[in-house]
Amino acid sequence: MDFSNFLYMGQEIGLLILFVILFLYDTFCTANGRKYFQTIAVSGFAVLTLYGFLPQICNQSFLVGEVFGGMYVSSDMTILMKNILNMATLIVFLQSRQWLQTGETLHRQGEFYTITLSTLLGMYLMVSAGNFMMLYVGMETASLPLACLTAFNKYKEQSAEAGVKYILISALSSGVMLFGLSFLYGGLGSMYFADMAAGMQLSTLTVLGFVFFLGGLGFKLSLVPFHLWTADVYEGAPTSVTAYLSVVSKGAAAFALLFVLYQVFGKVLGVWEPILWWLAAITITLGNLFAIRQTDIKRFFAFSSISQAGYIILGIISASDQGMAALVFYVLVYLFSNLAAFGVIAAVEQQSNGDTRIAAFNGLYKSNPKLATVMTLAVFSLGGIPIFAGFFSKLYIFFSLGAQGQWILFFIAALNTVISLFYYLLIVKAMWFQESAENVSSFKTDTSNRISLVLCTAGIIAVGLMSFIYEYIQTISFGV
Amino acid sequence: MEYSILIIATPLLMFLFLGLLGGKMKPKVAGIIGTLGMTLCATVAYTVAYQYFFQIGKTGDTWTPAVPINFEWLRFTDHLHIDLGILLDPISVMMLVVITTVSLMVHLYSLGYMHGETGFQRYYALLSLFSFSMLGLVVATNIFQMYIFWELVGVSSYSLIGFYYTKPSAVSASKKAFIVTRFADLGFLVGILILSYYTGTFDFANLTQDNSALVVNSFAGKSFIGLSLATWALALIFMGGAGKSAMFPLHIWLPDAMEGPTPVSALIHAATMVVAGVFLVARLFPVYHFAAPEVLTMIAYVGTFTALFAAVIAITQTDIKRVLAFSTISQIAYMMVALGVSDFGGHDGLGYMASMFHLFTHAFFKALLFLGAGSVIHAVHSNEMHAMGGLHKYMKITSITFLVACLAIAGIPPFSGFYSKDEILAAAFHNHQAIFWTLWVVAGLTAFYMFRLYFCIFWNRPYSPHPLTPSPQGEGGHHHKPHESPWTMALPLIILGVFSIFSGLIPFADFVSSDNQPFHTHIDWTVASMSILVAIIGIGTAFVLYFKESRQPAVLAQKMGVLYRGALHKFYLDEVWMWVTQTVVFRYICKPIAWFDRHIIDGTMDGIAWTTQKASTSIRGLQSGQVQFYAWVFVAGTILIAALVLFL
């Protein structure tokens, strides 16, 4: 075995090292040492995140190419995608501090970081997979620990329920996916992306295989009709875990789907394009319709994220380099916008003893103007209002659709941005105009969450305006 | 002319400065800083205007656009890129003058009007943000930059009403305005994408040069559902303009937006944001003219209908700001019609020039009307006409300036509105008779409802605080006698009054024309005499009906002696007129139209929202919370997709 292959896996190895360090520290540290756990975890992870940007920082490029006989692929694009996932995870770590350091989670906060890192490792493998087995292993590595995370507040009934629901549906979806993969293997005689693409031919077997495979990833992305678990799990899971699920897990699945469809099924565009066309249209619309009547803010963002996932896969439908760039950029922007919202939710939830009704946000502007402003920017960005980043990310998606002449889908999606405005403004209205006797009192957000919110706000404002970011993504994108 | 960047930079810096540090200052200091910033901005705008029009703008006999600043912001493909820059040409420079002037007046006026309100600093920060976005919109070098600022204008006007005002009705009105215009902007965006996809450019210069040859050629022979694709694209772009400029049926947000503070209405809903649609069509006028003339015809019809429709509704309104709102809709429709009937080049392009001219004069007198109305509301603490009357005794400056604005909008010479309106009527007269006569009637109606407003506010009956009037500002402030507003409010009224009188004397055709070549206009006396006639009829009718509260011919008879019979006769006419107007016209024509607007047009929009809500409720059964059911849907969904793919 040629060990030099491991040199291509810099980010994975770094993550693994960090995981081992944190695991050992968690096992052997004293109660006093545990106080510094978050600092160590966050700074370690920050170093890892920076490591991913090494090519940008000091012009020293990573090794890219296919290794282990094509099992594992590393390219500028996969590195960028992992960087995006890293940034999101770092922000989630920053936001989780206050929750972890209060109550019964205090003595097992180490578990949170180590489990999260192991799911992240799975997602790395999903993104870098060059073989369906690798993709499947990555997905399982990501899913199982996530179920632990959703049930992390194990003494809370809702959290435990969320964990059970997640693991059951997750098991079902991997079953369906494996079933599909076996069809694909039967039809094409290989699990390697490159071989399958070369021998791609349409038959009932491959089409069925594809649909079942899509079901598996559709679960992770929570596309309609694979989305029903989303609201319950998002509501029950601890807020930081919900944030992680809605951004990192979803982003990784979107990246994996993008690669598989472009690289393996590129030739049979005609089969999957109409499927995704309908899935996207229905997902966006249904997500919006459900979001309107939610009264719990976490459920609200669950449906909002379903709708956002619909926009994400619009980039895949374009099947062009423009579409890929738009998708990656969309996830990047979505990360900042959605995590800003969840950071505020986490802060308010801590303060109001776990109250996550939208009504708990009434009058937030009066008591905590900064938090209210961040939340407003976040929903503006999610709603695609200029000049926030979300506006540009939607715009690039629309551009890529327009360039392929997908005007009808473009119109459906654009119309939905107007509908989404309707409910995003409900949150704005609650914070700025609604008065209530039980207003959250004025409070100070803890420092680490505040840093995360500053990062997110900077992202929401700057990422859209700094055109070189999109231009860079465009240079490393490729079409079908 | 690189310094023209200051026009955009100053309000942006003001916004950041006041937005970030405003809370730490005294309200008054923030207001004064904001006003000074706007003064600087206006000074620069005037300098730019002077330099452009009198020093550098002309090459030979043609106005040539100047692009002092332009940089590539984002490159999509080899030839498609988005730029940010500043484009100076006659219409954008004219708009700079209008916007900065009105904005400065509103800044100044608000020092008095908003005195003591909470969030005063935030209000000034948002005013700066709005000015920034509006100025960025008019100097855009390409349609995409325009779109970005276009949306930003929507956001800032939303926040200006919504974030400042805590009245629930104002909040929902601002939300409605935001969503309705966003919906219209959807069309705009689709239009832009289609246009840029086929032409490969966003630049106004590329789109309009050589009689829009690029657009005509790249769309040649392409059609979609029976219409040429160029028609689709340009009609969709117009949809965006119709939303911002409140054309029927997208006008519904404007009357409701009157819930906001009055100076904001003066700035946004009279002079700047609502004319953005007119500006957009004017900016792309050659494209419309050469690539899709049928869209221009459609614009003319939509505009004519809106002008008439809004004028008729204005007659029935009793809230003075709503009268002004409908009047604005009607006047903007006038500008749209002028563009719609205009031809291209030289004197044939009269409509184009007239439209811009009316935009220019209307901005001043309509802002003046709104600020005057604000001054009245400030004094009597009510928006309702029946709480007013006889105020001319107490508010000399407001009363006189309001009269000036009414005369201007009614089109009485030598006030500014006369000249611009006359050009519009002349343009219509030579192109389309039916449109001309409709506009002619609208001119009469305009004169009538404006003077109805004027007489009801300032004359009609001696002022007495109306006990039944619910006072929105509360605190029983209306027991004292109404008094003239402080100088910060009076001064803008006077300045705008001067503009309203004299701005019509500018030889506009020397500066603005469809093909950028100056031409000469003359007053078409056939049209002018007809328009003066109808204006006088309108004013006269309003005088008879509303100058005094109770019409007592006896009093008049005693005074006039010999004219008694005539007076008696007039009284008789009066009654007939009253019957015709109040019973027949008012009840059977105006009221139903107003009802139609309120319930059907508005109701349709509300209905869409309601349906969405309903649909949302009816599908909630899907979300049962049972994990078995979720799994079932999961598997069934997968199988269904597989079946659809295999068997379809």
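Residues numbered from 1 in each chain as written. Chains lettered and ligands numbered in written order. Predicted model: local features only at pLDDT ≥ 70, side-chain atom pairs only at ≥ 80, totals over all residues.

**Some thoughts on the overall build of chain B**
So the rule is basically this: Secondary structure elements follow DSSP: runs of H or I no shorter than four residues count as helices, runs of E no shorter than two count as strands, and numbering proceeds from the N terminus. Buried residues are those with 20 or more other C-beta atoms within 10 Å of their own C-beta, exposed residues have 12 or fewer, and partly exposed residues lie in between; C-beta atoms are placed from the backbone. By the criterion used throughout, residues are in contact when their C-beta atoms, derived from the backbone, lie within 7 Å.
Across its full length, chain B carries 23 helices and 6 strands. When each of the 648 residues of chain B is scored for burial, the buried share is 56%. Contacts spanning at least 24 positions in sequence make up 80% of the contacts within chain B whose residues lie at least 6 apart.

**Focus on the overall build of chain A**
The line we're drawing: Both definitions apply: the radius of gyration is a C-alpha atom measure, and the globule rule equals 2.2 Å times residues to the power 0.38.
The secondary structure content of chain A amounts to 20 helices and 2 strands. Taking 2.2 N^0.38 as the reference for a compact globule, 480 residues should give roughly 23 Å; the C-alpha atoms of chain A span a radius of gyration of 21 Å, in line with that estimate. Dimensions of chain A along its principal axes, counting C-alpha atoms only, are 65 × 55 × 45 Å. By residue count, 61% of the 480 residues in chain A fall in the buried class.

**Regarding the interface of chain A and chain B**
Tallying the contact residues gives 45 residues for chain A and 41 residues for chain B. Elements with a contribution of two residues or more to the side of chain A that touches chain B: α7 (157–188), α9 (204–221), α10 (229–236), α12 (269–292), α17 (389–403), α18 (407–432) and α20 (467–475) of chain A. If one sorts the elements of the side of chain A that touches chain B by residue count, α18 of chain A sits on top with 10 residues.

**Description of unusual backbone geometry**
Residues and elements named next belong to chain A. A cis amide bond links V224 to the next residue, P225, at an omega of 5 degrees. Relative to the helices and strands, P225 resides in the loop between α9 and α10. One non-glycine residue, F68, adopts positive backbone phi at about 55 degrees. By secondary structure assignment, the location of F68 is in the loop between β1 (65–67) and β2 (72–74). The phi dihedral of A319 falls on the positive side, at around 50 degrees, and the residue is not glycine. One can find A319 in the loop between α13 (297–318) and α14 (321–351). The exposure class of A319 is buried, given the 22 C-beta atoms found within 10 Å.

**Topic: the nonpolar core**
Rules: We define the nonpolar core as any set of buried residues of the types Ala, Val, Leu, Ile, Met, Phe, Trp, Tyr and Cys, connected via C-beta atoms lying within 7 Å of each other.
By size, the foremost hydrophobic cluster in this structure holds 421 residues, and its most contacted members are A256 of chain A together with A367 of chain B. Here this core gets 22 residues from one element, more than from any other, and that element is α14 of chain A. Dropping the residues within four chain positions of it, A367 of chain B is found in contact with V102, M105, A266, A270, A271 and L496 of chain B.

**Describing the packing of helix α2 (residues 27–56) of chain B against helix α3 (residues 90–113) of chain B**
Residues and elements named next belong to chain B. Operational definition: All axes here are fitted lines through C-alpha atoms, helices being fitted over the stretch that makes contact, and every angle between N-to-C directions spans 0 to 180 degrees. Any angle between 65 and 115 degrees counts as roughly perpendicular, while under 35 counts as roughly parallel, over 145 as roughly antiparallel, and the rest as oblique. The crossing is said to be left-handed when, going from far helix to near helix, the turn is anticlockwise and less than a right angle, and right-handed when the turn is clockwise. Note on residue classes: Ala, Val, Leu, Ile, Met, Phe, Trp, Tyr, Cys and Pro are nonpolar, Asp, Glu, Lys and Arg are charged, and everything else, Gly too, is polar.
Viewed as axis vectors pointing N to C, α2 and α3 meet at an angle of 160 degrees, and their least axial separation amounts to 9 Å. Regarding the angle of α2 to α3, the classification is roughly antiparallel. Crossing of α2 against α3: the hand is left-handed. By residue class, the composition of the contact of α2 with α3 is 15 nonpolar, 8 polar and no charged.

**Let's talk about α9 of chain A**
An α-helix turns once every 3.6 residues. As a result, residues three or four positions apart point the same way. Convention followed: A helix is expected to reach a length of 1.5 Å times the quantity of its residues less one.
Taking 1.5 Å as the rise per residue, α9 of chain A with 18 residues should run 26 Å; its terminal C-alpha atoms sit 25 Å apart, in good agreement. The buried fraction of α9 of chain A is high, at 16 of 18 residues.

**Concerning the environment of W440 of chain B**
All names here are of chain B. In this structure, W440 sits in helix α18 (residues 433–458). For the pair W440 and F54, spaced 386 residues apart in the sequence, the C-alpha separation amounts to 36 Å. In contact with W440, not counting residues within four places along its chain, are L425, M530, S531 and V534.

**Digging into the packing of α18 of chain B against helix α20 (residues 525–546) of chain B**
All names here are of chain B. Where α18 contacts α20, the two axes come as close as 7 Å, and the packing angle between them is 35 degrees. Handedness of the α18/α20 crossing: right-handed. Across the interface between the two elements, W440, A443, G444, L445, T446, A447, F448, F451, R452, F455 and C456 of α18 pack against M530, S531, V534, A535, I537, G538, I539, T541, A542, F543 and Y546 of α20.

**With respect to the confidence of the model for chain B**
Residue and element names in this part refer to chain B. The line we're drawing: For every residue, the predictor reports its confidence as pLDDT, a number between 0 and 100.
On average, residues of chain B carry a pLDDT of 81, and 86% of them reach 70 or more. Considering each helix and strand of chain B separately, the mean pLDDT is smallest for helix α21 (residues 553–560), with a value of 47, and largest for helix α11 (residues 276–283), with 92. Low confidence marks residues 467–478, where pLDDT is under 50. Its contacts with residues over four positions away, or in another chain, come to 14 contacts. Scored as a whole, the predicted complex attains pTM 0.84, and scored at its interfaces, ipTM 0.85.

**Regarding the environment of K58 of chain B**
Residues and elements named next belong to chain B. The topology assignment puts K58 in strand β1 (residues 58–59). A tally of 15 C-beta atoms within 10 Å means that K58 is categorised as partly exposed. In sequence terms K58 and F511 are 453 residues apart; their C-alpha atoms lie 9.7 Å from each other.

**Observations concerning the environment of Y454 of chain B**
Residue and element names in this part refer to chain B. By the secondary structure assignment, Y454 is in helix α18. For Y454, a count of 26 C-beta atoms within 10 Å corresponds to the buried category. For Y454 and F547, which are 93 residues apart along the polypeptide, the C-alpha to C-alpha distance reads 8.9 Å.

**Considerations on helix α8 (residues 229–244) of chain B**
All names here are of chain B. With 16 residues, α8 ought to run about 22 Å at 1.5 Å a step, and its terminal C-alpha atoms sit 23 Å apart, in line with that. Most of α8 is tucked away, with 15 of its 16 residues classed as buried. Downstream of α8 by a residue or two, A246 has a phi angle that is positive, lying close to 55 degrees.

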